[in-house]
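# Summary of the model geometry
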Amino acid sequence: MSSRPVPLVLKVWNDPKFRAIFYQVVAVTLVGVGLWYLISNTLHNLSARNIATGFDFLGREAGFAIGESSLAYTPADTYARALSVGLLNTLRVAVIGIVFATLLGTLIGIARLSGNWLIAKLASIYVEVMRNIPLLLQLFFWYALIAETLPGPRQALSPIAGVFLSNRGFKIPTVEGDGLTWLAAGFFISVVIVLVLANWSRRRQAQTGQIFPVFKTAALLLIACPLVAWWLSGSALALEIPALKGFNFQGGLTLSPEFAALLIGLVIYTAAFVAEVVRSGIESVGKGQWEAAGAIGLRRGLILRLIVLPQALRVIIPPMTSQYLNITKNSSLAVAIGYPDLVSVVNTTLNQTGQAIEGIMIIMGAYLTVSLAISVIMNWYNARMALVER
Amino acid sequence: MSEPTPAPTIHAPATSNPTPLVWVKTQLFSTPANALLTILSVWLLIMAVPALLDWVFLQAKYSAQSGQECREVEGACWAFIAEKHRLILFGTYPYEQQWRPLVSIFLLVALVLLSAWRKLWNIWLFPIWIVGLSVVALLMWGGVLGLTYVENTLWGGLPLTLILATFGVALAFPLGVVLALGRRSELPAIKIICVVYIELIRGVPLISLLFMSSVMLPLFLPEGLTIDKLLRALIAIVLFAAAYVAETVRGGLQAISKGQYEGADSLGLSYWQKTRLIILPQALKIVIAPLVGIFISLFKDTSLVVIIGIFDLTLAAKAALTDPAWQGFSMEVYVFIAAIYFIFCYSMSKYSQALEKRLAVGQQH
Amino acid sequence: MADALIQMHHVNKWYDKFHVLRDINLEVAAGERIVICGPSGSGKSTLIRCLNRLEEHQQGDIIIDGMALTGDIKGVEAIRREVGMVFQHFNLFPHLTVLENLTLGPIWVLKTPKAQAEQEAMIYLERVKIPEQANKFPGQLSGGQQQRVAIARSLCMNPKIMLFDEPTSALDPEMVKEVLDVMVGLAEQGGMTMLVVTHEMGFARKVANRVIFMDQGEIIEENDPGSFFDNPQSERTKLFLSQILH
């Protein structure tokens, strides 16, 4: 077959390397031009409306109050401090939410796998109902329940002695003063004892084959030691029990209606998803693993501990992490029920200063940092735990 | 050895076809721990269910003239819902024209149901969606064919929620597919752009995107060009959903064995032909169930537009509560719209589970 | 046989309404090697899975080494210590090394000290001819190697009886022989009581004392290998043999 001389243009165009570079240049140019267009418009609009740019506003006085805060804050403090309070509020509800959602979700996930038909069915109903109703709606519901349906402080409900539920919030007893330090010290000591015990029992088993009930002993110690330490301290045996004085309670720990509604809503909603993650993780371990372990003679408890849970955890951890991220992001819904989280504080800030762009950048920056940090940790853990295959 | 004589017919023992008593014993009381749990649950149910039934049905008031009448009753005030249902369901759409959002609701539901029909999983799905969505837009806006023009600030309630969800998914889907293909591209510049977009959007809450689009979008555009509020919300939803669609489709692309790519290459197909004819059809089939999951999430997430003041179903509920004549019936309203959301989401979720089972049968491992 | 190691009397089992084991009567003496064959769905896997309570029989008696097999948990555990099982899909524990797979049972069930358990495990690994793989993970081994590890894992519990549920069916053809050789060694040098569900007729001829043919939940024919293969009595047996011996 004769070959016609190929024009240079076609030769160049058909070269894959050239095409690669060409497409990339086009893409980058398009994105670049687009961004430049948006940015120039923005700058023009901002100056036309006399809105300042930059982050200097952070040093100015905030001038607005924040409903609840872990740091000392007054309206005379700077915007920067206000934002820190908001961030801490977000972290506070996120961390506590993660802990409780994990506990509740794991219980419900295991319940779904139970041999007891009633328990399994109830758990299924919980999961299906909670997963299919929007979180915002659930938050509105809980907030309405607490703020409108609960009675006033004088007729507060008291399901457990010392705990009072009213439409001004939840009051729970706390430990007075030093008592907390003694409790913490006791807990710390018991943790050390448990670690030493576990190590000793492991070595003894390796040498003599005898098995020591570490788990049960540890559970006992972790509960008993702090209490013993507290009692020994004698310093503050009293609980600070909320007492009705006038129109409201004094003493004890207060959970505002907003915080309580947000926490309850987040935990109940996310626990349904966590339950599904746990259930599918345990189910992912094939029946053959249960059978082989049973055929060797292992009991159900040991099978779970040595064979099923280690394999199930590998499947559970990635989606569980994404649920943790979801709780953190979903806590931003606080703005709808008036809990002063980061988004809520930034919202107020940008309404006052008019600097919307900086405000939104702060929000997105904060959440991005948390998300990326958790992703990095998760990827590292995943790589370490991956089953070794050829 | 000779054949053994045929065994006499032996009947299955009780445990194969358990009588109710045996079932209760094995399912509910098999171990002491189980027995305890059963007793506890039954006790809880006895405490909760009759009170609930009382509130919902038995002591509820189904029709009343005013809030005062309802407050005298212990049960739920469904009369409130009867009174306000048009507001909740249709928002502030002009009263006489409310047949239009009603028809739109049915059209959108029909569109989703049609997409569930497996016989339609081919190229015809795209024109059907385009036509369907255009008809809905036409009906809602009006201004042609003798229909009066209704500004979209008057739209609200269930049709708005459905519109945001369906238009959102319809627009996010092609964008997400492009992003997924881009992320798997071997051209570093394109890959980086797609990765940055996806990770950025997935790392931030939807609220921040809604704020961004409602507050910042006007700043991004030259003076004189405005985008109305609904469109801004829609843009934020589309950008958000596209990132999640991209990740899901990427999973599908990864699941296709290398042999498929090689087979297509060896036939001499170009990149776009290979993607369009071989890779995407298979990838999309694999990820249909997770994509339905994204649609369900999106449907729930539309409730967030409340925060930028768009009148979706959730905000309509709150609006109904502001009537001074009917105060204090938040429970009834929230339960009502929770039921609506639940019906939609649960049916979609059941469909997705059934779909997964059916498709898994077809795929041999 | 009054003192048979395994006794099954009038054993019946149903899955819901489906009668999967029909009036099974079987006695196995210590040291006997039984091969069970039959078409799929005949109940042969179910039969041996009943012997270590992976399946529960609803009627009849199963007595292993003098202990009756009932729902009693302690009894089941005692019996499982005497009976080892090798599965069609190996079922090795992928998150543990080969050595850990082998020592798991001895350490946690037999309460053997770790060093001693590892010594014994290495002996069995050498018997199945893969001592060098001790610190690898199952995912790094070939199918034939994994099955040999599975056999060693069961042997580490020093069982009196070994059950094999189609041990070579999931292997590539070139790896079947290495596993069969190990099983032959077990029979000839170990004197182990074995019940093997398999289609490998060459193995049956070489090693089995009895071949049992099952169809539709019933034992149709039992005989020594020579008579079974050369002189099948029942029509169903003849049909089955003509299908697999081609």
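What counts and what doesn't
- Residues numbered from 1 in each chain as written.
- Chains lettered and ligands numbered in written order.
- Predicted model: local features only at pLDDT ≥ 70, side-chain atom pairs only at ≥ 80, totals over all residues.
- Heavy atoms only, no water.
- Helix = DSSP H or I, 4+ residues; strand = E, 2+ residues; numbered from the N terminus.
- Rg over C-alpha atoms; globule rule 2.2 N^0.38 Å.
- Buried < 20%, exposed > 50% of the residue type's maximum accessible area, 1.4 Å probe, protein only.
- Contact = heavy atoms within 4.5 Å.
- Areas by Shrake-Rupley, 256 points an atom, 1.4 Å probe, with all protein chains shown as cover.
- Lys, Arg positive; Asp, Glu negative; His and termini not counted.
- Charge placed at Lys NZ, Arg CZ, Asp CG, Glu CD.
- Pairing = 2+ DSSP bridges.
- Axes fitted to C-alpha atoms, helices over the stretch in contact; angles between N-to-C directions.
- Salt bridge = Lys/Arg side-chain N within 4 Å of Asp/Glu carboxyl O.
- Phe/Tyr/Trp six-rings, centres within 6.5 Å; stacked < 30°, edge-to-face > 60°.
- Buried area = accessible area lost by both parts, 1.4 Å probe.
- Polar contact = N/O pair within 3.5 Å; in protein donor to acceptor, adjacent residues only side chain to side chain.
- pLDDT = per-residue confidence, 0-100.
- Nonpolar A, V, L, I, M, F, W, Y, C, P; charged D, E, K, R; others polar.

## Notes on the overall build of chain B
- Helix and strand counts for chain B come out as 15 helices and zero strands.
- A compact globule built from 365 residues would reach a C-alpha radius of gyration of about 21 Å, whereas chain B, at 27 Å, exceeds it by more than 25%.
- Each principal axis of the C-alpha atoms in chain B carries an extent, and together these give about 95 × 80 × 40 Å.
- Looking at chain B residue by residue over its 365 residues, the buried ones come to 44%.
- Here the analysis covers contacts within chain B between residues at least 6 apart in sequence; of these, 68% occur between residues at least 24 apart.
- Total accessible area on chain B is roughly 19100 Å²; 69% of this is exposed by carbon and sulfur atoms.
- Counting 24 positive and 20 negative side-chain charges, chain B places the averaged centre of each group 9 Å from the other.

## A few points about the overall build of chain C
- Looking only at helices and strands, chain C features nine helices and 10 strands.
- Across its three principal directions, the C-alpha atoms of chain C cover 55 × 45 × 35 Å.
- The proportion of buried residues among the 246 residues of chain C is 61%.
- Here the analysis covers contacts within chain C between residues at least 6 apart in sequence; of these, 64% occur between residues at least 24 apart.
- Total accessible area computed for chain C in this model is approximately 9900 Å², and 48% of it derives from carbon and sulfur atoms.
- Across chain C, the 24 positively charged side chains and the 32 negatively charged ones have centroids separated by 3 Å.

## Describing the sheet that holds strand β8 (residues 193-197) of chain C
Residue and element names in this part refer to chain C.
- Across the sheet, which stays open at both edges, the six strands sit in the order β6-β7-β8-β3-β9-β10 with mixed pairing between neighbours. At either margin of the open sheet sits one strand with a lone partner, and together these are β6 (83-86) and β10 (218-223). Recorded for the sheet is a direction-independent mean angle of 20° between the axes of neighbouring strands.
- By the bridge criterion, five bridges tie strand β7 (residues 161-165) to β8 in an arrangement that is parallel. Looking across to β8, one finds that I161 is bridged to T193.
- Its contacts with the sheet put helix α5 (residues 143-155) on β6 and β7, and the angle it makes with β6 is roughly 170°.

## Some words on the pattern of salt bridges
- Evaluation of the coordinates by the stated rule reveals 24 salt bridges over all chains.
- E247 of chain B serves as the salt-bridge partner of R183 of chain B, at 2.9 Å between the closest nitrogen and oxygen. Of this pair, R183 of chain B sits in helix α7 (residues 157-183) while E247 of chain B sits in helix α10 (residues 229-255), and the two are 64 residues apart along the sequence.
- Assessed through its relative accessible area of 17%, E247 of chain B is described here as buried.
- Residues E82 of chain C and K160 of chain C are paired through a salt bridge, measuring 3.5 Å at the closest nitrogen-oxygen approach.

## A closer look at the environment of S158 of chain A
All names here are of chain A.
- Its location among the elements puts S158 in the loop between α5 (135-149) and β1 (164-166).
- For S158, a relative accessible area of 37% gives the class partly exposed.
- Through-space distance from the C-alpha of S158 to that of L306 is 43 Å; in sequence the pair is 148 residues apart.
- With sequence-adjacent residues up to four places away left out, S158 is seen in contact with V163 and F164.

## Points about the sheet that holds strand β7 (residues 253-255) of chain A
All names here are of chain A.
- On the basis of which strands lie adjacent, the open sheet formed by three strands has the order β1-β2-β7 and antiparallel pairing. Strand pairing shows two members of the sheet lacking a second neighbour, β1 and β7, which therefore form its edges. Strand-to-strand twist of the sheet, defined as the mean angle between neighbouring strand axes without regard to direction, takes the value 15°.
- As judged from the three bridges shared by strand β2 (residues 169-172) and β7, these two strands associate in the antiparallel manner. Residue pairing in the sheet places I172 in a bridge with L253 of β7.

## Section: the packing of aromatic side chains
Residue and element names in this part refer to chain B.
- For the structure shown, the criterion picks out 20 aromatic pairs over all chains.
- Ring centres of F299 and F344 lie 5.2 Å apart, and the angle between their planes is 35°; on these two criteria the pair is classed as tilted. Here F344 lies in helix α15 (residues 330-362) and F299 lies in helix α13 (residues 288-301), a separation of 45 residues in the sequence.
- In this structure F299 comes out as buried when scored by relative accessible area, which is 1%.

## Thoughts on the pairing of β8 of chain C
Residues and elements named next belong to chain C.
- By the criterion of burial, β8 is predominantly enclosed, with five of the five residues buried.
- Of the two faces of β8, both are covered, the one formed by T193, L195 and V197 as well as the one formed by M194 and V196.
- Where strand β3 (residues 33-37) and β8 come together, four bridges link them in parallel fashion. Looking at β8, one finds that I34 is bridged to L195.

## Focus: the interface of chain B and chain A
- Contact residues are listed per partner, giving 53 residues for chain B and 53 residues for chain A.
- Buried area between chain B and chain A, summed over both chains or domains, comes out near 4600 Å², and the portion from carbon and sulfur atoms is 73%.
- Of all residues in chain B, L219, F220 and K300 of chain B give up the largest surface area on contact with chain A, accounting jointly for 14% of the area buried on that side.
- Where chain B touches chain A, the interface holds zero salt bridges.
- Applying the counting criterion to the chain B and chain A interface returns 13 residue pairs in polar contact (both at pLDDT 80 or more).

## Remarks on the environment of L220 of chain A
- Relative to the helices and strands, L220 of chain A is located in helix α7 (residues 214-233).
- As for L220 of chain A and S190 of chain A, which are separated by 30 residues in sequence, their C-alpha atoms are 9.6 Å apart.

## With respect to the confidence of the model for chain C
All names here are of chain C.
- For chain C, per-residue confidence averages 91 on the pLDDT scale, and residues scoring 70 or more make up 99% of the total.
- Confidence scores differ between elements of chain C, with helix α2 (residues 73-82) showing the lowest mean pLDDT of 85 and β8 the highest of 95.
- Taken over the whole predicted complex, pTM reads 0.81, whereas the ipTM for its chain interfaces reads 0.83.

## Observations concerning the pairing of β3 of chain C
All names here are of chain C.
- Counting buried positions along β3 yields five of five residues, so the element is predominantly enclosed.
- Burial of β3 is two-sided: the residues R33, V35 and C37 facing one way and the residues I34 and I36 facing the other way are all buried.
- Note: β3 against strand β9 (residues 210-215), four bridges, orientation parallel. Along β9, the bridge assignment pairs I36 with I212.

## What to know about the side chain of K44 of chain C
Residue and element names in this part refer to chain C.
- Mapped onto the secondary structure, K44 falls in helix α1 (residues 44-51).
- Accessibility expressed as a relative area gives 5% for K44, which makes it buried.
- Not counting residues within four places of it along the chain, the set of residues in contact with K44 comprises I36, C37, G38, P39, E166, V197, H199 and M214.

## A look at the packing of helix α2 (residues 16-48) of chain A against helix α8 (residues 188-203) of chain B
- One can describe the packing of α2 of chain A onto α8 of chain B by two numbers: an axis separation of 8 Å at closest approach and a directional angle of 35°. Contact residues: α2 of chain A offers Y23, Q24, A27, V28 and V31 of chain A, while α8 of chain B offers P188, A189, I190 and I193 of chain B.
- Residues of the contact of α2 of chain A with α8 of chain B, tallied by class, amount to eight nonpolar, one polar and no charged.

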